[in-house]
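# Examining the three-dimensional arrangement
Each chain, written out:
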Amino acid sequence: MEQGYITDQELLNLIEDVEEHAMLKAPGYLKQQMLQEIRQMEQSQKTTAVKNVRHHIRKQMILYEIKTISGIAAALIILFLMPISAQNQQNMTKEEYYAQQEQSATSGLNKVTEGIMEHVNIITDRVWNLPKKQDVLENDNQKQGPMKEE
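The structure displayed is predicted, hence computed values, not measured ones. (Residues numbered from 1 in each chain as written. Predicted model: local features only at pLDDT ≥ 70, side-chain atom pairs only at ≥ 80, totals over all residues. Heavy atoms only, no water.)

## A few points about the environment of S44
If you trace the backbone, S44 turns up in helix α2 (residues 28–81). According to the relative accessible area criterion, S44 is partly exposed, its value standing at 35%. Within the structure, the side chain of S44 is placed 2.8 Å from the backbone oxygen of M41, a separation counted as a polar contact. (Helix = DSSP H or I, 4+ residues; strand = E, 2+ residues; numbered from the N terminus. Buried < 20%, exposed > 50% of the residue type's maximum accessible area, 1.4 Å probe, protein only. Polar contact = N/O pair within 3.5 Å; in protein donor to acceptor, adjacent residues only side chain to side chain.)

## Digging into a nonpolar patch on the surface
On the surface, a nonpolar cluster with roughly 500 Å² of combined accessible area is contributed by I6, L11, L12, L14, I15 and V18. Tracing the backbone shows I6 in the segment before α1 (8–20). Overall, the relative accessible area of 47% leaves I6 in the partly exposed class. (Patch = residues over 30% accessible without salt bridge, like charges linked within 9 Å, V, L, I, M, F, W, Y side chains within 5 Å. Areas by Shrake-Rupley, 256 points an atom, 1.4 Å probe, with all protein chains shown as cover. Salt bridge = Lys/Arg side-chain N within 4 Å of Asp/Glu carboxyl O.)

## Concerning a negative patch on the surface
On the surface, E16, D17, E19 and E20 cluster together to form a negatively charged patch. For D17, the location among the structural elements is in helix α1. Here D17 falls in the partly exposed class, since its relative accessible area comes to 39%. (Lys, Arg positive; Asp, Glu negative; His and termini not counted. Charge placed at Lys NZ, Arg CZ, Asp CG, Glu CD.)

## What to know about the environment of T48
By secondary structure assignment, the location of T48 is in helix α2. Looking at T48, its side chain comes within polar contact range of the main-chain oxygen of Q45, at 2.8 Å.

This is the structure:
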């Protein structure tokens, strides 16, 4: 039963025949055409890579501009919203000015700490009264228990 394979001798004869008598040759223009297509593909890949890099750089520049503009805007807002009274500064000495600034800073800190302490007190009161509330709930449950049984 043949499987369609050639024998070793037939294979050697085929190789010898191909080496002696050249088979079909590729057309002469094919090599140039292939090289030209490869160059075009490489060029298109380079241009897309350059476009991607430029796009990435543009994104970074836009983000940098946004950060810079927001920083400038914040600085201008702080500049115009700072409470400065030119008349009071002219009449004050340095010590009075620093004392006033210190007093305003400490009063602001005092307000913040008072707010924090108020919230801490509320939380601790809730935690402290939690066991009492649980006792009240248990007593209510015990009172409702006999009523349901009746």
